[in-house]
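Coordinate analysis (summary)
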Amino acid sequence: MTTAKTICLLGGYGDIGLRVARGLHEDTNDMILLVGRDADRAKRAAFSIGPRCDGFALDVRGHTAAAQLEGAALCINLTAATPPALAAALVANGTHFIDTSATPTYVANLEETINALPGPRATGVLEAGLAPGLTNLLAACMCDIHPDTRSIDILIELGMGTHHGLAATAWTLQALHQTYQVKSRGDWREIRTGAISRRFFLDAESILGIGFALSDQKSIARDLDLMGARTFLATNPSWMTKVLHGLSRMPLRRFIGRNSTTLARAIQRLPVMGSQGTRLIIEGRNAQGDVISTRSISGGPQADLTASVVTRLALALMHRSTELPPGLQPLSMFVDPDLIVERL
């Protein structure tokens, strides 16, 4: 049996954090620490996981946060409240770091801050989840199989048959009034959520997707040197996609974004509807704009898929037999997308 280490989950008592904690508790003999603003909630959640799990309160913006996390082998960040400076301090001091954020500006700030370290002592992996994360891996696989791929469109369809976590729901509402960078036909431009839309065709089904502020489309275009990459969001039932699309084009979207947490709590009290699962469609085109490859994948709830990617990555970082390279590294170095897809 390997020597037990400590894994800290920042924002660990949320929907995805609890799933990751359960997976790590089952697959390792490591100590799992759930970290958040509410000590009582963290400890109650830890008790539900098992004997090698504990919880404590931490102000991630406090000047002692890095010292309180010192000695952890790995920190998994599940909250955009964590300052990039804290992430960099962890990597500089020898704690591996995983981040799951999909917010383009936050991911860019993390990249800039960690890359500026003169001598990192640990490994950092960003964009580790469903989108970004699994979508990046599948896009890279498509380009490997079809080298003439020059642009990629991705559709993420989320089933509303289960309540998504409070943080995830609030994030989706916040994104309705955000702008983001997208590359199309070789040119970068800044657009707002909902400014573009298109239909994806799967068998006899037509699925409307709206352009959404997810960071994967920027990293896919950059890392794979593509002429374009775009990510679209859809929901099941499909009429909810049309509602989100309408809200993204109304002045009301600013009010929704600013009151996202309050509205997310209200949404969580509504009855569920539609399927519980998640579907991905990845479509590759050549330089002439012809579709040359399409791949579709179906799985469980979004939180399960994100947790699966994070857990597999954490296991690879914690118990890799060879020495880990310091600094930021790509998810593809540690996670095989086929192994993730097999478990969907």
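Just above sits the structure.
Note that the structure is a prediction, hence the values are computed from the model and not measured.

By size, the foremost hydrophobic cluster in this structure holds 69 residues, and its most contacted members are Leu9, Leu34, Ile76 and Leu313. The element that contributes the greatest number of residues to this core is helix α12 (residues 302-318), accounting for 10 residues. Contacts of Leu9, omitting those with residues within four sequence positions, involve Gly17, Val20, Ala21, Ile32, Leu33, Leu34, Val35, Ile76 and Leu78. Counting 22 residues, the second largest nonpolar core, distinct from the first, contains Leu58, Tyr106, Ile114 and Leu117.

Quick look at the packing of helix α4 (residues 84-93) against helix α5 (residues 104-115) now. At their nearest, the axes of α4 and α5 sit 9 Å apart, and the two run at 40° to each other. Judged by the angle between their axes, α4 and α5 are oblique. As α4 runs across α5, the sense of the crossing is right-handed. Contacts between α4 and α5 pair Pro84, Ala85, Ala87, Ala88 and Val91 from the former with Tyr106, Asn109, Leu110, Thr113 and Ile114 from the latter. The class makeup of the residues in the contact of α4 with α5 is eight nonpolar, two polar and no charged.

Our focus in this paragraph is the packing of aromatic side chains. Inspection of every chain in the model, using the stated rule, returns two aromatic pairs. Ring centres 6.1 Å apart and planes at 50° place the aromatic pair Trp171 and Phe212 in the tilted group. Taken together, the residues span a long stretch of sequence, with Trp171 in helix α7 (residues 166-175) and Phe212 in the loop between β11 (205-211) and α8 (216-223) at a distance of 41 residues. Taking the relative accessible area as the measure of exposure, Trp171 reaches 19% and is therefore buried.

Bringing the sheet that holds strand β15 (residues 327-328) into the picture now. Spatially, the seven strands line up as an open sheet ordered β3-β2-β1-β4-β5-β6-β15, and their pairing is parallel. With partners counted over all chains shown, the strands left at the sheet margins are β3 (53-57) and β15, one partner each. Strand direction decides the pairing type here: strand β6 (residues 123-125) and β15, joined by two bridges, are parallel. Bridge pairing links Gly124 to Leu328 in β15. Helix-sheet contacts for helix α2 (residues 39-49) involve β2 (31-36) and β3, and the interaxial angle to β3 is about 175°.

Cut-offs applied
- Each chain has its residues counted from 1, running along the sequence as written.
- With pLDDT at 70 or above as the cut-off, local features in this predicted model cover only qualifying residues; side-chain atom pairs require 80 or more to be listed or tallied, and sums for whole chains, interfaces and linings still use all residues.
- Side-chain numbers come from the whole structure's heavy atoms, not from hydrogens or water.
- What is meant by a nonpolar core is a set of buried Ala, Val, Leu, Ile, Met, Phe, Trp, Tyr and Cys residues, joined one to another through side-chain atoms within 4.5 Å.
- Only protein chains enter the calculation, and the probe is 1.4 Å; a residue is then buried if its accessible area is under 20% of its type maximum, exposed if over 50%, and partly exposed in between.
- Only runs of H or I of at least four residues qualify as helices and only runs of E of at least two qualify as strands under DSSP, and these elements are numbered from the N terminus.
- Any two residues whose heavy atoms approach within 4.5 Å at even a single point are treated as in contact.
- Angles shown run from 0 to 180 degrees and are taken between the N-to-C directions of axes, each axis being a line fitted to C-alpha atoms and, for helices, limited to the stretch in contact.
- Angle categories: roughly parallel below 35 degrees, roughly antiparallel above 145, roughly perpendicular from 65 to 115, and oblique for all the rest.
- Definitions for this section: a left-handed crossing has its near helix turned counterclockwise from the far helix by less than a right angle. A right-handed crossing has that turn clockwise.
- Gly is placed with the polar residues, together with every amino acid not listed as nonpolar (Ala, Val, Leu, Ile, Met, Phe, Trp, Tyr, Cys and Pro) or charged (Asp, Glu, Lys and Arg).
- Centres within 6.5 Å make a pair out of two Phe, Tyr or Trp rings, where for Trp the six-membered ring is used; the pair is then stacked when the planes are under 30 degrees apart, edge-to-face when over 60, and tilted otherwise.
- The pairing criterion for strands is at least two bridges between them, as found by DSSP.

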